[in-house]
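Fold and geometry: a report
Spelled out, the chains give:
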Amino acid sequence: MKITMIALVGKNWELGASNELLWKIPEDMRHFRETTEGHSVLMGRKTYQSIGHALPNRTNYVLTRTDSDSIFAGTDVRLIESPVLALHEAQISGEDSFFVIGGGEVYQQFLNLALPHEILLTRVPHEAESADTFFPNLDRNGLYVETSVEKLTDEADIHTYTRIDLL
Ligand SMILES: NC(=O)c1ccc[n+]([C@@H]2O[C@H](COP(=O)([O-])OP(=O)(O)OC[C@H]3O[C@@H](n4cnc5c(N)ncnc54)[C@H](OP(=O)(O)O)[C@@H]3O)[C@@H](O)[C@H]2O)c1
C-alpha cells in the first residue's frame, strides 16, 4: 500500500490559521479530489472539524485520542486511535493508496516515522502572517528529496518529494 501525504503550503510552509485553510485554489481543490478519490484518507480531529464532514467517495479515517463521539454522531468516518492502526485497517481492507491529508500535527508524526513513500505539496509563493499551523520544513529533512515539479496555475506548482530509499 502506497502512503502519500498531500498538502497546500505557503512560502514559509504555512498550512492554516484558526483551524481554517489559508488559501482556497479551485485548481488545487480539483487536484486534491482527483488524486484522493476512491482511496483512504486520514486526518486529525481538528482538520476533520475544519472540513465539517466526511469527504465523499473516500474511506475517511479520523485520528482522535479523546472520546469525541458527539462530534462524529451520524457521520461516515472511522475514528482511530493511532496512525499505525489506521494503516493496518486500510491494509487489511485491501486498500492500495492511503493519503494523509493533515493537519500539521498529523503530518509531523508521519514524517517523524518516515512512513510516507511520497509527499505531494502544492506550493504557493505567498506568506501568511496569521498562520498558526505549519508543514514540517522539508529543506531540513534529509530523508525526502524533490523529484518533480509540475505547474498547476500561474502561481501554484505541485512539488513531488520521494523518500530517498525508494529512489
Ligand atoms: N494546507 C493544507 O493542505 C491543510 C491540510 C489539512 C489541514 N490544514 C490546516 O491545519 C490545521 C489543523 O491542523 P492541526 O495540526 O492543528 O490539527 P490536526 O493535525 O488536524 O489534528 C490534531 C488532532 O488529531 C488527533 N491526533 C493527532 N495525533 C494523534 C495520534 N497519534 N493519535 C490519536 N489522535 C491523534 C488529536 O485529536 P483529539 O484532540 O481529538 O485527541 C489532535 O488534537 C487547520 O488550520 C487546517 O485548516 C491545512
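See the structure shown above.
Heads up: these notes are all about the structure in this document.

Analysis parameters
- Residues numbered from 1 in each chain as written.
- Predicted model: local features only at pLDDT ≥ 70, side-chain atom pairs only at ≥ 80, totals over all residues.
- Heavy atoms only, no water.
- Helix = DSSP H or I, 4+ residues; strand = E, 2+ residues; numbered from the N terminus.
- Buried < 20%, exposed > 50% of the residue type's maximum accessible area, 1.4 Å probe, protein only.
- Pairing = 2+ DSSP bridges.
- Axes fitted to C-alpha atoms, helices over the stretch in contact; angles between N-to-C directions.
- Contact = heavy atoms within 4.5 Å.
- Phe/Tyr/Trp six-rings, centres within 6.5 Å; stacked < 30°, edge-to-face > 60°.
- Lys NZ or Arg CZ within 6 Å of the ring centre and 35° of its normal.
- 1 Å grid on protein atoms, 1.4 Å probe; cavity = no way out; pocket = protein on both sides within 12 Å on 5 of 7 lines; lining within 4 Å.
- Points joined across faces, edges and corners; volume = space filled by probe spheres on them.
- Nonpolar A, V, L, I, M, F, W, Y, C, P; charged D, E, K, R; others polar.
- Near = heavy atom within 4 Å.
- Polar contact = N/O pair within 3.5 Å; in protein donor to acceptor, adjacent residues only side chain to side chain.
- Sits in = over half its atoms within 2 Å of the grid points.

What to know about unusual backbone geometry
That bond from Gly102 to Gly103 is cis: its omega, 0 degrees, falls within 30 degrees of zero. Turning to its location among the elements, Gly103 is positioned in the loop between strand 7 (97-100) and helix 5 (104-112). The backbone of Asn19 sits at a positive phi, close to 60 degrees, despite the residue not being glycine. Tracing the backbone shows Asn19 in the loop between strand 2 (14-17) and strand 3 (20-21). On the basis of relative accessibility, which here comes to 37%, the residue Asn19 falls in the partly exposed class.

So, the sheet that holds strand 8 (residues 118-123)
Strand order across the open sheet formed by eight strands is 6-5-4-7-1-8-11-10, with mixed pairing between neighbours. In this open sheet, the two strands that pair with only one neighbour each are strand 6 (78-80) and strand 10 (144-151). Looking at each pair of strands side by side, their axes are set apart by 25 degrees on average, direction ignored. Relative to strand 8, strand 1 (residues 2-9) is paired through six bridges, and the arrangement is parallel. By the bridge assignment, Ala7 is partnered in strand 8 with Leu121. Of the strands in this sheet, strand 1, strand 4 (40-44), strand 5 (59-63), strand 7, strand 8 and strand 10 touch helix 5, which is tilted by about 140 degrees from strand 1.

Notes on the sheet that holds strand 3
Strands belonging to one sheet form pairs held by backbone hydrogen bonds; the direction of such a pair is parallel or antiparallel. Across the sheet, which stays open at both edges, the three strands sit in the order 3-2-9 with antiparallel pairing between neighbours. Two strands close off the open sheet at either side, each with one partner strand: strand 3 and strand 9 (133-134). One ladder, built from two bridges, connects strand 2 with strand 9; its direction is antiparallel. The partner of Glu14 across the bridge, within strand 9, is Phe134.

Things to note about the environment of Thr59
Tracing the backbone through its elements, the reader meets Thr59 in strand 5. Leave out the neighbours within four places in its chain, and Thr59 touches His39, Ser40, Val41 and Arg78.

Some details on the packing of aromatic side chains
Geometry of an aromatic ring pair is reported as the spacing of the ring centres plus the angle between the planes. What the rule picks out here adds up to four aromatic pairs. Ring plane angle 20 degrees and centroid distance 6.5 Å describe the contact between Trp13 and Phe135, whose orientation is recorded as stacked. Of this pair, Trp13 sits in the loop between strand 1 and strand 2 while Phe135 sits in the loop between strand 9 and strand 10, and the two are 122 residues apart along the sequence. Comparing Trp13 with Phe135, the two get one shared label, buried. On the numbers, 4.8 Å between centres and 50 degrees between planes, the contact of Tyr107 with Phe135 is tilted. A residue pair is termed long-range when its members are at least 10 positions apart, and Tyr107 in helix 5 and Phe135 in the loop between strand 9 and strand 10 qualify at 28 residues. Neither Tyr107 nor Phe135 differs from the other in exposure class; each is buried. Stacked on the ring of Trp13, the Lys or Arg Arg123 has its end atom at 4.2 Å from the ring centre.

Some remarks on the layout of surface pockets
If you roll a probe as big as a water molecule over the atoms, it shows you where there is empty space left. Space inside the largest pocket adds up to approximately 1,200 Å³. A breakdown of the residues in the lining of the largest pocket according to their chemical character gives 18 nonpolar, 17 polar and 11 charged.

A word on the site of the ligand
In the neighbourhood of the ligand, 29 residues make up the surrounding shell, with Arg45, Thr47, Thr64, Arg65 and Gln109 lying closest. At 3.0 Å from an oxygen atom of the ligand is found a main-chain nitrogen or oxygen belonging to Gly103. Separating an oxygen atom of the ligand from a backbone N or O atom of Val106 is a distance of 3.4 Å. Applying the majority rule of atoms within 2 Å of the grid points places the ligand in the largest pocket. When residues of the shell around the ligand are traced back to their parent elements, those giving at least two are strand 1, strand 2, strand 3, helix 2 (45-51) and helix 5. Top element by residues in the shell around the ligand is helix 5. It accounts for five residues. Split by residue class, the shell around the ligand holds 10 nonpolar, 13 polar and six charged.

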